[in-house]
Each structure stands twice: as structure tokens, then as C-alpha cells.
Amino acid sequence: MILYDSIPVLMYHHVMPVTSSLNITPELFEEQLSGLKTNGWKTLDSKEFLYFLQNPKESRKKCVLLTFDDGFVDNYLYAYPILKKYKMKALLFIATDFITDLDIKRENFIAMPHKQMWKIAFSERNYEVMCTWNELKEMESEGVFDIQSHGHTHKIPDFIEKANYAAVENDLFLGQEFLMKYLNKQPLHLAWPKGVYNDKVMRIAVKLGFKALYTTQRGANVYDTFHIKRLAVKCKGRRWLNKKLMIYNSSLLTKIYSKIRF
Ligand SMILES: [Zn+2]
């Protein structure tokens, strides 16, 4: 049996100077990126990643995909300059209903824990904690963040629970429409909000044209484009990350490791 290399996909939410769940501090984020650079890792964009999954025989040694969920403004303020400094790229999955086209000055941004930001994201003050279209445009035009879809309202898990599949379809469709309208692109990659999905919504996403679907489960990525596995990044430095990458770059080690873990 031939075992092709797996491409590790890392999942980040926040990069900011605060102690919080789903957050890594700018110092440790920089340490991780500099570790990637030193060890010869190459960050992919959505097209390259999809190509590798569709062509598992192609060598993908030391290729890694960085992903960010939701589109919090700290991604613009802290992650973006560090990624740019190391000439690295990442995917950013945005829920388009959080995004405004206001022109916001960010000097007054105070980092706060995830829960607090999440609450504001669902209020009329969402522009205080989420990126704006202008900020997203800037990051994409600099070749740093490749913006992709996280639906429109981030409420797909609720719709699935109520078996309201028309609402799921509408939400995914609106997410595409907004990205088309503001960034002039059709997103082909979708990260399921909260990692919740089932076969029915997968079929809806594929019908709408999505080619790559991202979960929040850990595992290897060799050729399956509809169950992309991601590793939630901890607020830790390069040694932690190197160890994880070594495991998740090998489909064999990933298999063994997941057997030990669960
Ligand atoms: Zn999310």
C-alpha cells in the first residue's frame, strides 16, 4: 500500500495580546512562523492546496495550509503583518454578515477575550471586532490572506439542528453573493461554522459549487476534498508546532497518533 504524504491544515481564530480561548499571542504566532520558515515549510493558498488533494501523487513534502475562521479584526491588526513579514499565506474563512463596508480607524482597538468579541460580532457594533471589506481587500491584494467562505450568518449549525435545509442553502448562497459583490471572487472553499455538517448539507454545498469543505476534526489530508481535517493551534511555540507538523505530514503517523489519542 502506498501512503502519500498528508498536508497538515492548521486552524487559528485569533492572534492578539490577551489570554483567551482560541487565541495565540503575536509573540508565539511569530515564533511559529519563524519556525516554519527555518524548517523549510511552504504555506499554500487555496488553489495550490486543492491541486495537491486532487493530485495525491504530487510531492507535498513540507507543505502546510494555515487557516483562520470568522474574520476577527485582530487577524488584520496582528496576524497580517507577521504573515507578511515572513512572506507566508493563509486562508481566511469569513461569515459575510459580520463584515461591513464602513471605514474604521483601528487605533482604539483593545484586545479582549474571544467570548466578548463573539458577542459583539452578533450585535450592531460588529465592525468593532470584525474586519471590514476594505481590510479584507487589502490583505487579499497583498497576497497574504486568501478569503473564502464560512457561510453568511454563522448560524448553519442551528439550521441543521432544525433540519431547515432551505435556510442552509440560502446562507451558503448569500455568503457566495457577498464575496462576489465585494471581492469579486467565487469562493470554492468552505469551512463549516463550528465544524457542524452532515451529508445533506455537503450535497448542498457541492451543488452550489464548493470544491473543498473544511471540518474541525483532526486527521490526515491526502485526497479527500470534502472532509478536510484541521488541527486547532494552541497558544504554544515552535517546538509544539514542529512536533504536530511532523505527525500530520505523514498519513501513517496520523493514523497511529489518532489511535493513541482516542
Ligand atoms: Zn466560525
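Calculation notes
- Residues numbered from 1 in each chain as written.
- Predicted model: local features only at pLDDT ≥ 70, side-chain atom pairs only at ≥ 80, totals over all residues.
- UniProt positions renumbered as here; feature names shortened; annotations may be inferred.
- Helix = DSSP H or I, 4+ residues; strand = E, 2+ residues; numbered from the N terminus.
- Rg over C-alpha atoms; globule rule 2.2 N^0.38 Å.
- Buried ≥ 20, exposed ≤ 12 C-beta atoms within 10 Å, placed from the backbone.
- Pairing = 2+ DSSP bridges.
- Expected span 1.5 Å × (residues − 1).
- Bend = angle between axes of the 7 residues up to and from the residue.
- Contact = placed C-beta atoms within 7 Å.
- Arc of directions from axis to C-beta.
- Core = buried A, V, L, I, M, F, W, Y, C linked by C-beta atoms within 7 Å.
- Axes fitted to C-alpha atoms, helices over the stretch in contact; angles between N-to-C directions.
- Parallel < 35°, antiparallel > 145°, perpendicular 65-115°, else oblique.
- Left-handed = near helix turned anticlockwise from the far one by under 90°.

Identification of the chain as Xylanase/chitin deacetylase from Thermodesulfovibrio yellowstonii is taken from an unreviewed UniProt entry. Its UniProt record gives the chain the following Subcellular location (unreviewed entry) comment, quoted word for word: "Secreted".

## Focus: the overall build of the chain
The helix and strand inventory of the chain stands at 10 helices and 10 strands. Its C-alpha atoms give the chain a radius of gyration of 18 Å, within 12% of the compact-globule value 18 Å for 262 residues. Oriented by its inertia axes, the alpha-carbon framework of the chain measures out at about 55 × 40 × 35 Å. Looking at the 262 residues of the chain, the share that counts as buried comes to 42%.

## Let's talk about the pairing of strand β7 (residues 145-149)
Burial within β7 is extensive, with 5 of its 5 residues counted as buried. Covered by surrounding structure in β7 are Phe145, Ile147 and Ser149 together with Asp146 and Gln148, the residues of both alternating faces. Where strand β6 (residues 90-94) meets β7, 5 bridges bridge the pair, whose relative direction is parallel. When the bridges of β7 are listed, Leu91 appears paired with Asp146.

## A look at helix α3 (residues 73-85)
In this model α3 runs 18 Å from its N-terminal to its C-terminal C-alpha over 13 residues, within 8% of the 18 Å that 1.5 Å per residue would give. For α3, the principal kink sits at Ala79 and spans about 40°; a proline, Pro81, occurs within the next four residues. For α3, the set of buried residues is Val73, Asp74, Asn75, Tyr76, Tyr78, Ala79, Tyr80 and Leu83. In this structure, the buried side of α3 is in contact with β2 (14-15), α1 (26-38), β5 (63-70), β6, α5 (133-141) and β7. The positive-phi residue at the C-terminal boundary of α3 is Lys87, with phi of around 55°.

## Notes on unusual backbone geometry
Within the chain, His154 stands out as a residue other than glycine whose phi angle is a positive 65°. Accessibility expressed as a C-beta count within 10 Å gives 22 for His154, which makes it buried.

## A short note on the environment of Lys229
Here Lys229 lies in the loop between β9 (212-214) and β10 (231-232). Of the residues examined, Lys229 has 22 C-beta atoms within 10 Å and is grouped as buried. Distance in space between the C-alpha atoms of Lys229 and Gln176 is 22 Å, their sequence separation being 53 residues. Once residues lying within four places of it in the same chain are set aside, the contact partners of Lys229 are Val9, Thr215, Gln217, Arg218, Gly219, Ala220 and Asn221.

## Considering helix α7 (residues 165-183)
Taking 1.5 Å as the rise per residue, α7 with 19 residues should run 27 Å; its terminal C-alpha atoms sit 27 Å apart, in good agreement. Where α7 is concerned, the buried positions are Val168, Asp171, Leu172, Gly175, Gln176 and Leu179. Considered in projection along α7, the buried side chains sweep an arc of 130° and stay on one side of the axis. Residues of α7 that are exposed and angled more than 90 degrees away from the buried face: Ala166, Met180 and Lys181. Check the buried side of α7 and you find it contacts β7, α6 (156-161) and α8 (199-207). Just downstream of α7, Asn184 is the residue with a positive phi angle, here 55°.

## Focus on the nonpolar core
Counting 69 residues, the largest nonpolar core has Leu10, Tyr12, Val64, Leu65, Leu92, Ile94 and Met130 as the members making the most contacts within it. Sort the elements by how many residues they give to this core and α3 lands first, with 6 residues.

## Side note on the environment of Met88
Relative to the elements of secondary structure, Met88 occurs in the loop between α3 and β6. Considered as a pair, Met88 and Asp45 are 43 residues apart in the sequence and their alpha carbons are 9.5 Å apart. In this view, Met88 contacts Leu33, Thr43 and Leu83; residues no more than four positions away in its chain are not counted.

## What to know about the packing of α1 against helix α9 (residues 238-248)
How two helices sit against one another is set out by the angle between their axes and by the gap between those axes. Put simply, α1 and α9 touch, their axes get as near as 8 Å, and they point 50° apart. Here α1 lies oblique to α9, going by the angle between them. The chirality of how α1 crosses α9 is right-handed. Between α1 and α9, the contacting residues are Glu31, Gln32 and Gly35 on the first element and Arg238, Leu241 and Asn242 on the second.

## Let's talk about the pairing of strand β1 (residues 9-12)
Across the two faces of β1 the burial is the same, with Val9 and Met11 and Leu10 and Tyr12 all buried. Here 4 bridges tie β1 to β5, and the two strands are oriented parallel to one another. Following the sheet pairing, Met11 is matched in β5 by Thr67. Across 2 bridges, the pairing between β1 and β10 is parallel. Pairing of Met11 across the sheet is with Ala232, part of β10.

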